[in-house]
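Structural description and commentary
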Amino acid sequence: MSRASLYRYRLPMQPGVVLGDQRLARREGWVVVLEVSGRSGEGEIAPLPGFSRESLAEAVTAARDWLARWTLGKASEAQLAAAPPSVGFGISCALAELDDGLPAQADYRSVPLCTGDPDEALVHLAGLPGQKVAKLKVGMYEAVRDSLTVNMLLSGLPDLRLRLDANRRWTRERALQFARYLAPDCLSRIDFLEEPCARTADSLAFAAQTGIPIAWDESAREPGFTLRSDPGVAALVVKPGLTGTLAYCRQTLDHARQLGVTTVISSGVESSLALTQLSRLAHWLTPAVTPGLDTLSLMQAQLVRPWPGCDLPLWSWEQLEPVEMMP
Ligand SMILES: O=C(O)CCC(=O)C1=CC=C[C@@H](O)[C@@H]1C(=O)O
Ligand SMILES: [Mg+2]
């Protein structure tokens, strides 16, 4: 006997959270629960506004449709692969948990995300043990201000390395302006700059002209994108929650590895439920690369599965809204 359930959640974000070009007051999505012969598996379906092509309505419609067929034994992996990415990811995680297809082990490491006051970030990073790598958003202010922040962090902490992310906000000229203001002795400690320019050609030209390695993130999820081992491309950021089924994510990671491109598993600002699954996935498939999963600090609560060490309130199943499934 197969049983599928969907639960709607609406988690409040911290005040002032801006992702891409959108302010996000709350994070909405669904938890899918699959039960078969006393075993169960869970997954999270959470398209991210401004980053996912599918809307919340499209996601839940596709999820209810596939799940209705699954309970009748008439759904296929191919149909799931053709579903919107957030649906493919959430349901494939639940299916994987049903048959132990997602290893339970994780180390819950993450590269800290620097948000808010750079001086506070400096103090926080100074206290971190071991190899210091942090992520910093750029492109939201003037190029000179962003470069001053980068210079301050890297000169203040000689053992710090940075992942930067412009979310395709710059023109080539603005990106080059940013690079010109960077302290030359700091450049070697920038692991990569995600998505500097709106146009991929400009991002490649930026990498070639400045020697600053870039990483693809949003571009790699655009229709027609082909990953190549272009000079200057250091990494591919993979957000499984926005990419698709676990099988497709594995294919994507394997393809990048064959091209010699480092892969970094990253959060799509899912709840603690999916983030713990992403940590397991990173430990399994990209164990040598610390993932970018430090997004719980953007939220005001966790969801049914806590992230170890996080002291945000944990919402229980009773705080979720059951969704009526298709007959
Ligand atoms: O990658 C990380 O370290 C954390 C996740 C993260 O930076 C992002 C998540 C979702 C959207 C963006 O704001 C941003 C990104 O573009 O990578
Ligand atoms: Mg990014």
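Residues numbered from 1 in each chain as written. Chains lettered and ligands numbered in written order. Predicted model: local features only at pLDDT ≥ 70, side-chain atom pairs only at ≥ 80, totals over all residues. Heavy atoms only, no water.

Some thoughts on empty space enclosed by the protein
This model, assessed by the stated rule, comprises 1 cavity of 30 Å³ or more. If you add up the space inside the largest cavity, you get close to 50 Å³. Here the lining of the largest cavity is built from residues that sort into 3 nonpolar, 1 polar and 3 charged. (1 Å grid on protein atoms, 1.4 Å probe; cavity = no way out; pocket = protein on both sides within 12 Å on 5 of 7 lines; lining within 4 Å. Points joined across faces, edges and corners; volume = space filled by probe spheres on them. Nonpolar A, V, L, I, M, F, W, Y, C, P; charged D, E, K, R; others polar.)

What about the sheet that holds strand β12 (residues 262-265)?
Across the sheet, which stays open at both edges, the 7 strands sit in the order β6-β7-β8-β9-β10-β11-β12 with parallel pairing between neighbours. A single partner strand is all that each edge strand has here, and the edge strands are β6 (113-114) and β12. Sitting on the sheet, helix α5 (residues 143-156) touches β7 (132-137), β8 (160-165) and β9 (190-194), and the angle it makes with β8 is about 160°. (Pairing = 2+ DSSP bridges. Helix = DSSP H or I, 4+ residues; strand = E, 2+ residues; numbered from the N terminus. Contact = heavy atoms within 4.5 Å. Axes fitted to C-alpha atoms, helices over the stretch in contact; angles between N-to-C directions.)

Topic: the UniProt feature "active site" (unreviewed entry) in the protein chain
The UniProt record marks Lys137 and Lys239 with the feature "active site" (unreviewed entry), using the residue numbering of this structure. You can call Lys137 partly exposed: its relative accessible area is 24%. The contact partners of Lys137, leaving out residues within four places of it in the chain, are Asp165 and Asn167. Of the polar contacts made by the side chain of Lys137, one reaches the side chain of Asp165; its length is 3.3 Å. Mapped onto the fold, Lys239 is located in the loop between β11 (233-238) and α8 (240-243). For Lys239, a relative accessible area of 7% gives the class buried. With near-sequence residues (within four places) excluded, Lys239 lies in contact with Asp217, Arg221, Ser266, Ser267 and Gly268. At 3.4 Å, the side chain of Lys239 and the side chain of Asp217 are in polar contact. (UniProt positions renumbered as here; feature names shortened; annotations may be inferred. Buried < 20%, exposed > 50% of the residue type's maximum accessible area, 1.4 Å probe, protein only. Polar contact = N/O pair within 3.5 Å; in protein donor to acceptor, adjacent residues only side chain to side chain.)

Some thoughts on the coordination of the magnesium ion (ligand 2)
Protein coordination of the magnesium ion (ligand 2) is provided by Asp165 (OD), Glu194 (OE) and Asp217 (OD), with donor distances spanning 2.0 to 2.2 Å. Between consecutive donor residues of the magnesium ion (ligand 2), the sequence gaps follow D-x28-E-x22-D. Note that Asp165 is positioned in strand β8 and Glu194 in strand β9, a separation of 29 residues in sequence. Glu194 carries the same exposure label as Asp165, and that label is buried. (Donors = N, O, S within 2.8 Å, 3.2 Å for Na, K, Ca; no water.)

Observations concerning the sheet that holds strand β5 (residues 39-45)
Ordered by their spatial adjacency, 4 strands build an open sheet running β5-β4-β1-β15, and the pairing between neighbours is antiparallel. Of all strands in the sheet, those with a lone pairing partner are β5 and β15 (321-323), marking the two edges. Neighbour-to-neighbour, the strand axes of this sheet turn through a mean angle of 25°, independent of strand direction. Set on the sheet, helix α1 (residues 56-71) makes contact with β1 (2-12), β4 (26-36), β5 and β15; between it and β1 the angle comes to about 160°.

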